[in-house]
Amino acid sequence: MNNSYDNYPSIFNLPNEILFIIIKKLNISDVIYSLVDVNERFVQLLFDPLYIQNLNITLMTIKSFYQRTFSVSKQVLSNICENILPNIHDQVKQLAIEQHSIERILTHNYSQLYSLSLVNFKEEILCKYLRGHSAFRHLLTQQITHLNIDIQSDEIPILLSQISSDIFLLILFRCQRLIKLNFCQVFSYRNSFIPICSLPETCFTYSTLIELKINVATFNACLCLLNRHFDSLSKLTINVGEIKCERKQINNETKLPKLKHFSLTSFDMIHDYDKYIIPLLHRMINLEELILFLTVIRTDSSFIDGTELCDQVLVHMSQLNKFIFSINTDVFIENNEMDVPLSEDIQNSFIGKEYGQVRSYVHFEPKKPTNQNIDFEEAKAVVKSHIYSLPYQFESFLDLNNSFQGGMFVNVRCLTMTDSYPFEHEFFKIISDRFPLVKNLTISNLEPQKNKQHSSTLISFPHLNLLNLIDAHDDYAQQFLVDMNTHLPCLLDLCILYESLETVTNNFTNGATRLYCSKLKGLHMDKAFVRPKHFDEYFLETNKICSQTRNNPPF
């Protein structure tokens with residue numbers, strides 16, 4: 001390698017402090033492989049204890065929104081294992097590895113290691129290591145206090161198999177010093193849930209565990225975790241797949257005095273909020289921080305507002321000092337004559353109750369004509385309210401509609417837009433400005449746009465990876481896939497009805513939609529089809545094409 005400083009004046013003239021900051025921003029595996037032999041100065045920087053103590057031997061490569069790999073190349077892995085790890089293994093305190101490198105990485109002794117991240121593991125492989133790999137089991141039993149588990153899944157959301165539940169129990173059994181456990185919440189784009197039916201009656205208390213992050217399939221699983229064995233648990237961050245009436249009744253009354261921080265997320269539509277959620281919150285008598293992300297369904301014409309939250313939640317939590325929330329309430333009514341509350345009425349209900357800054361809005365959708373293609377609730381009129389604390393801290397924003405009140409949402413990565421009134425071009429311009437970092441966009445709107453003569457203003461979603469138009473009128477495919485209307489430089493996956501795609505691309509010959517279609521990595525449609533003429537040359541880079549039923553899409 002040429003070591004002449006003249007070839008790299010912009011790098012070698014920088015002080016060590018700046019170089020160190022730059023190196024810390026890069027993937028450590030690439031840095032070590034690329035720079036370790038440059039010169040002695042770089043070697044000293046790379047082997048600084050403050051840098052190498054956190055070793056991440058994974059590299060995310062995005063094949064499509066749903067398909068990502070995390071392996072480093074064989075050449076890089078060999079160099080790290082043969083030339084790097086022998087010199088630094090006793091200084092590593094935090095380690096991230098994936099399933100293809102674990103065997104070689106764990107041949108060394110990591111005497112100071114306390115934090116381990118297992119990334120993109122298949123359930124069967126991870127279970128095998130937990131049961132049979134002696135060095136791995138020794139680490140878990142004797143050293144690891146912080147553990148992050150990421151289980152591989154190609155479709156999102158997904159209910160993992162019973163093996164994942166076995167893995168969870170094995171971890172609790174093996175990790176005798178575990179303080180913090182993140183199980184399936186390592187990456188926010190994954191939405192994988194584990195089926196915990198019960199914990200063994202005879203298992204001992206997991207007295208060391210203080211913090212748990214986990215995705216579970218059912219509300220009963222949440223109760224099961226809270227009711228057994230976690231004597232020291234003070235922080236629980238849980239995402240629940242379904243919150244509904246279950247045949248098996250689990251205790252939801254015993255107080256939880258040691259729980260200080262509780263975060264509950266569910267993308268399910270919750271019909272029994274008062275029956276399940278409120279009693280659960282009443283158990284947390286010493287809670288200091290509460291985070292709620294929920295959608296509640298009601299038929300009694302009442303909305304969750306500041307007064308209800310105060311009377312049903314806050315008065316029962318005298319120690320609470322931080323309350324972050326995003327709560328949608330959908331009230332279904334039999335006719336269109338209900339007095340719709342004003343946004344100001346709900347907004348005013350938060351005044352004087354120490355919520356901090358809150359925003360709310362109300363949206364009315366009239367009763368739809370009954371037909372055989374919609375269910376009972378869809379046939380009713382619905383009044384939607386959304387209340388949320390500011391600044392908005394969640395990565396998802398659900399059911400945005402034309403009553404949107406504005407504001408900046410820089411944390412949002414997943415956005416769903418739903419309305420029975422059309423979304424016009426100018427409204428999308430507002431949304432693109434207010435949600436500048438959104439990566440996953442779903443549009444549910446079957447109404448055609450009224451203003452089809454779009455303005456010259458180009459809309460830009462510069463970070464959008466996944467566009468879901470499976471429940472959208474053809475106009476929205478025209479809005480997003482025509483490159484003169486919308487700028488989508490990072491679009492990877494498209495979910496769409498086959499007929500809509502066929503229409504907007506003019507049987508896969510339309511030059512105006514060719515740019516984005518030719519760059520798609522994944523295409524998800526509602527039914528199987530025979531590829532017509534021009535299809536393959538239209539989708540040049542698409543490596544995954546799948547079909548799902550309309551009621552069971554992969555998103």
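Everything numeric in this text was worked out from a predicted model, so none of it was measured. (Residues numbered from 1 in each chain as written. Predicted model: local features only at pLDDT ≥ 70, side-chain atom pairs only at ≥ 80, totals over all residues. Heavy atoms only, no water.)

Asker: What's the story with helix α2 (residues 16-25) in this structure? I'm lost.
Answerer: The periodicity of an α-helix, 3.6 residues per turn, causes residues three or four places apart in sequence to face the same way. Burial in α2 covers these residues: L19, F20 and I23. Across the axial projection of α2, the buried residues extend over an arc of 100 degrees, all falling on one side. Those residues of α2 that are exposed and aimed more than 90 degrees away from the buried face are E17, K24 and K25. (Buried < 20%, exposed > 50% of the residue type's maximum accessible area, 1.4 Å probe, protein only. Helix = DSSP H or I, 4+ residues; strand = E, 2+ residues; numbered from the N terminus. Arc of directions from axis to C-beta.)

Asker: Honestly, the packing of aromatic side chains in this entry has me stumped. Any pointers?
Answerer: Aromatic ring pairs: the centre-centre distance and the angle between the two ring planes describe each pair. Evaluated as defined, the whole model comprises 37 aromatic pairs. Above the ring of F65, the side-chain terminus of R68 is found at 5.1 Å from the ring centroid. It is R68 that lies over the ring of Y189; its NZ or CZ is 3.7 Å from the centre. (Phe/Tyr/Trp six-rings, centres within 6.5 Å; stacked < 30°, edge-to-face > 60°. Lys NZ or Arg CZ within 6 Å of the ring centre and 35° of its normal.)

Asker: Just checking my understanding: could you explain the pairing of strand β6 (residues 146-151) for this structure?
Answerer: Note: strand β5 (residues 115-121) against β6, 5 bridges, orientation parallel. Looking at the pairing, S117 lines up with N148 of β6. Bridge analysis of β6 against strand β8 (residues 180-183) gives 4 bridges, and the strand direction is parallel. Opposite H146, over in β8, you have K180 as the bridge partner. (Pairing = 2+ DSSP bridges.)

Asker: I would appreciate a short explanation of the packing of helix α8 (residues 123-132) against helix α9 (residues 134-142) in the present structure.
Answerer: Any two packed helices are characterised by how steeply their axes cross, that is the angle between the axes, and by the distance between the axes. Running from N to C, α8 and α9 cross one another at 80 degrees; their axes reach a closest spacing of 6 Å. In this view, α8 runs roughly perpendicular relative to α9, as classed from their interaxial angle. Contact with α8, carried on its side by L126, Y129, L130, R131 and G132, involves S134, F136, R137 and L140 of α9 and no other residues of that element. By residue class, the composition of the contact of α8 with α9 is 5 nonpolar, 2 polar and 2 charged. (Axes fitted to C-alpha atoms, helices over the stretch in contact; angles between N-to-C directions. Parallel < 35°, antiparallel > 145°, perpendicular 65-115°, else oblique. Contact = heavy atoms within 4.5 Å. Nonpolar A, V, L, I, M, F, W, Y, C, P; charged D, E, K, R; others polar.)

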